Amino acid sequence: LPPPKVRATHPDCSIVLYFQEQEAECLEIIRSESQTAALPGLPGQQGCLTEWDGVSCWSAVPVGQSQAVACPDILHVFKKSKALIRRNCTESGWSFPSPPYYNACELEAIGSNNDTEAKASYFVTLKVLYTCGYSTSLAALFLAIGIFSCFRKLHCTRNSIHIHFFTSFILRGAAVFIKDAVLFSDESIDHCTMSTVNCKAAIAFFQYSVLANFYWLLVEGMYLQTLLLLTFTSEKRYIWWYILIGWGVPMLTVCIWVVIRLQYDNHGCWDDYTSLYWWVIKAPILLAIFVNFLIFLNVTRMLAQKIRSPDISKNYKQQYMRLTKSTLLLIPLFGVHYVVFALFPEHIGVDARLYFELVLGSYQGFLVALLYCFLNGEVQAEIKRNWGKWQLSMESNVFNLVTQDFTA
């Protein structure tokens, strides 16, 4: 037998989907009744056909009889009540519900209009903050890639890995903007029932960019450890393995996730995080963070040993100290907050989770570009050297022009 289909939705959307399912079932009954000349089991008698009133489905009954239904059983929306709503079948059709729904079914306490406005203002502010963060990061990352690409002396395996790492941050920022444009560009669209190819593709691209970001961070840690362990080995022989890990593993993971969602959970826009299938994405991210943390501990241990070693020259010790500082600055990028939030259900600590993942996370690309490029002594020296050469060439050109004018 095929595995049961799992449906996991956002709590707000579960209300909409509940009524949609009830309405679909009721309309199916109405459709089957319309294909028969008389009521089932009641040949020749007049009665009231099955009806959907927007809340409940009233089954067909003959004239003179009544029917009772309970309040919709929706958690956190209606309070549990034993009250019944009745409707009579008269010669002119169904009577009005008695008592009305708003009297029989008591709603759970909800926030005031002020709370709703404050929540809306909070999300608008959050969007402005992470939009500024990702825009700043994208500008810094493009500039950093341009610097590494333009200067030939900066072409090496280390900087090539940095460029791939920068690209993963660029994809992540672009994926956030694409997702917002597809899912929230039109307020008239019902996000709960949105299930287009475009929105699913946007979510799949977003998940791929997040996975690639974590795995290129893992590659950075692996490269640093390889550099310390294998001092005299050729770095180029490992570059294709790094590329396979950084781009290939996320691609394979997302492809598996997409196939599973299409097969067993193909509803909505795939942006729910309460489904069991979310672990297809979540588990590889946690694995990358865990391995990176072990690499971080091992690198710190090796650096401490090399710094204390009397056989290491002063220049090498300074180089290892710079590596140590860079590694320590990478601690916020090792996904510590992701591990903390992974231990709790998705609906707990939503505000803090959004702040860390969207606001603070949006500036990670800028921090990486600053650490690996703008504050890199080798990069600064190369920029100064080329700036000096450019100034000399400009002065030489000006001198030649003046000389030509004088001789003419």
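Residues numbered from 1 in each chain as written. Predicted model: local features only at pLDDT ≥ 70, side-chain atom pairs only at ≥ 80, totals over all residues. Heavy atoms only, no water.

- Going by an unreviewed UniProt entry, the protein carries the name VIPR1 protein and comes from Sula dactylatra.
- Per UniProt, the comment on the protein under Sequence similarities (unreviewed entry) is "Belongs to the G-protein coupled receptor 2 family."
- Taken directly from UniProt, the Subcellular location (unreviewed entry) text for the protein runs: "Cell membrane". (UniProt positions renumbered as here; feature names shortened; annotations may be inferred.)

A look at the overall build of the protein
Here comes step 1: A tally of helices and strands in the protein yields 12 helices and 7 strands.
Here comes step 2: Across the 408 residues of the protein, 36% fall into the buried class.
Here comes step 3: Put simply, the protein shows about 24500 Å² of open surface, and 64% of that area lies on carbon and sulfur atoms. (Helix = DSSP H or I, 4+ residues; strand = E, 2+ residues; numbered from the N terminus. Buried < 20%, exposed > 50% of the residue type's maximum accessible area, 1.4 Å probe, protein only. Areas by Shrake-Rupley, 256 points an atom, 1.4 Å probe, with all protein chains shown as cover.)

Thoughts on the packing of helix 4 (residues 157–183) against helix 11 (residues 364–374)
Here comes step 1: Where helix 4 meets helix 11, the axes come as close as 10 Å, and the angle between the chain directions of the two elements is 160 degrees. Relative to helix 11, the element helix 4 lies roughly antiparallel. Along this stretch, helix 4 crosses helix 11, giving a crossing that reads as left-handed. Residue-level contacts link His 162, Phe 165, Phe 166, Phe 169 and Arg 172 of helix 4 to Gln 364, Gly 365, Val 368, Ala 369 and Tyr 372 of helix 11.
Here comes step 2: For the contact of helix 4 with helix 11, the residue count by class is 6 nonpolar, 3 polar and 1 charged. (Axes fitted to C-alpha atoms, helices over the stretch in contact; angles between N-to-C directions. Parallel < 35°, antiparallel > 145°, perpendicular 65-115°, else oblique. Left-handed = near helix turned anticlockwise from the far one by under 90°. Contact = heavy atoms within 4.5 Å. Nonpolar A, V, L, I, M, F, W, Y, C, P; charged D, E, K, R; others polar.)

What about the pattern of salt bridges?
Here comes step 1: The full count for this structure, using the stated rule, is 5 salt bridges.
Here comes step 2: The shortest N-O distance in the salt bridge between Arg 158 and Glu 378 comes to 2.6 Å. A residue pair is termed long-range when its members are at least 10 positions apart, and Arg 158 in helix 4 and Glu 378 in helix 12 (residues 377–407) qualify at 220 residues.
Here comes step 3: For Arg 158, a relative accessible area of 27% translates into the label partly exposed.
Here comes step 4: Between Arg 261 and Asp 265 there is a salt bridge whose closest N-O contact spans 3.5 Å. (Salt bridge = Lys/Arg side-chain N within 4 Å of Asp/Glu carboxyl O.)

Focus: the UniProt feature "transmembrane region" (unreviewed entry) in the protein
Here comes step 1: When the UniProt feature table is mapped onto this chain, "transmembrane region" (unreviewed entry) is found at residues 128–149, 161–178, 214–232, 239–264, 276–299, 327–348 and 354–375.
Here comes step 2: With 100% helix and 0% strand, residues 128–149 has end C-alpha atoms that lie 32 Å from one another.
Here comes step 3: Across residues 276–299 one finds 88% helix and 0% strand; the C-alpha atoms that close the span lie 35 Å apart.

Re the confidence of the model for the protein
Here comes step 1: Here the protein shows a mean pLDDT of 78. Residues at 70 or above account for 72%.
Here comes step 2: Mean pLDDT per element in the protein: helix 8 (residues 314–329) is the minimum at 61, and helix 6 (residues 239–264) is the maximum at 93.
Here comes step 3: For the stretch residues 1–10, pLDDT sits under 50, and the model shows 22 contacts to residues farther than four places along the chain or on other chains.
Here comes step 4: A low-confidence stretch, residues 38–44 (pLDDT under 50), is modelled with 8 contacts involving residues beyond four sequence positions or located in other chains. (pLDDT = per-residue confidence, 0-100.)

Focus: the state of the cysteines
Here comes step 1: For the coordinates displayed, the defined rule picks out 4 disulfides.
Here comes step 2: For Cys 48, the disulfide goes to Cys 89, at an S-S distance of 2.1 Å. Torsion about the S-S bond of the Cys 48 and Cys 89 cystine: about 100 degrees, corresponding to right-handed handedness. With Cys 48 in strand 1 (residues 47–48) and Cys 89 in strand 6 (residues 84–90), this residue pair connects regions lying 41 residues apart in the sequence.
Here comes step 3: Taking the relative accessible area as the measure of exposure, Cys 48 reaches 4% and is therefore buried.
Here comes step 4: Residue Cys 89 is classed as buried on the basis of its relative accessible area, which comes to 3%.
Here comes step 5: The side chain of Cys 199 participates in a disulfide bridge whose partner is Cys 269; the two sulfur atoms lie 2.1 Å from each other. Residue Cys 199 is found in helix 5 (residues 197–229), and its partner Cys 269 is found in the loop between helix 6 and helix 7 (279–308); the two are separated by 70 residues along the sequence. (Disulfide = S-S within 2.5 Å.)

Focus: the packing of aromatic side chains
Here comes step 1: Inspection of every chain in the model, using the stated rule, returns 12 aromatic pairs.
Here comes step 2: The interplanar angle of 75 degrees and the centroid separation of 5.7 Å between the aromatic rings of Trp 257 and Trp 270 together place this pair among those described as edge-to-face. On the criterion of sequence distance, the pair formed by Trp 257 in helix 6 and Trp 270 in the loop between helix 6 and helix 7 is long-range, its members being 13 residues apart. The burial state of Trp 257 is the same as that of Trp 270; both residues are buried. (Phe/Tyr/Trp six-rings, centres within 6.5 Å; stacked < 30°, edge-to-face > 60°.)

Remarks on the nonpolar core
Here comes step 1: One finds Ile 161, Phe 165, Phe 166, Trp 216, Ile 281, Ile 285 and Val 299 to be the most contacted residues of the largest nonpolar core, which totals 58 residues.
Here comes step 2: Of all the elements in the fold, those that place two or more residues in this core are helix 3 (113–150), helix 4, helix 5, helix 6, helix 7 and helix 11.
Here comes step 3: Top element by residues in this core is helix 5. It accounts for 17 residues.
Here comes step 4: Counting residues in hydrophobic clusters, the runner-up holds 11 residues, among them Val 61, Cys 71, Trp 94 and Cys 105. (Core = buried A, V, L, I, M, F, W, Y, C linked by side-chain atoms within 4.5 Å.)

Things to note about the side chain of Glu 33
Here comes step 1: Turning to its location among the elements, Glu 33 is positioned in helix 1 (residues 11–34).
Here comes step 2: Buried and unpaired, Glu 33 has no salt bridge, with Arg 31 as the nearest side chain of opposite charge at 12 Å.
Here comes step 3: A distance of 2.5 Å separates the side chain of Glu 33 from the side chain of Thr 50, its partner in a polar contact.
Here comes step 4: Beyond its immediate chain neighbours, meaning those up to four positions away, Glu 33 contacts Leu 49, Thr 50 and Ala 60. (Lys, Arg positive; Asp, Glu negative; His and termini not counted. Polar contact = N/O pair within 3.5 Å; in protein donor to acceptor, adjacent residues only side chain to side chain.)

Some remarks on unusual backbone geometry
Here comes step 1: Following Ser 98, the chain continues to Pro 99 via a peptide bond in cis, the omega torsion being -5 degrees.
Here comes step 2: Within the secondary structure, Pro 99 sits in the loop between strand 7 (93–94) and helix 2 (101–104).

Here's the deal with the pairing of strand 5 (residues 66–70)
Here comes step 1: The side-chain alternation of strand 5 yields one buried face, formed by Gln 67 and Val 69, and one unburied face, formed by Ser 66, Ala 68 and Ala 70.
Here comes step 2: Here 5 bridges tie strand 5 to strand 6, and the two strands are oriented antiparallel to one another. Across the sheet, Ala 70 pairs through a bridge with Leu 84, a residue of strand 6. (Pairing = 2+ DSSP bridges.)

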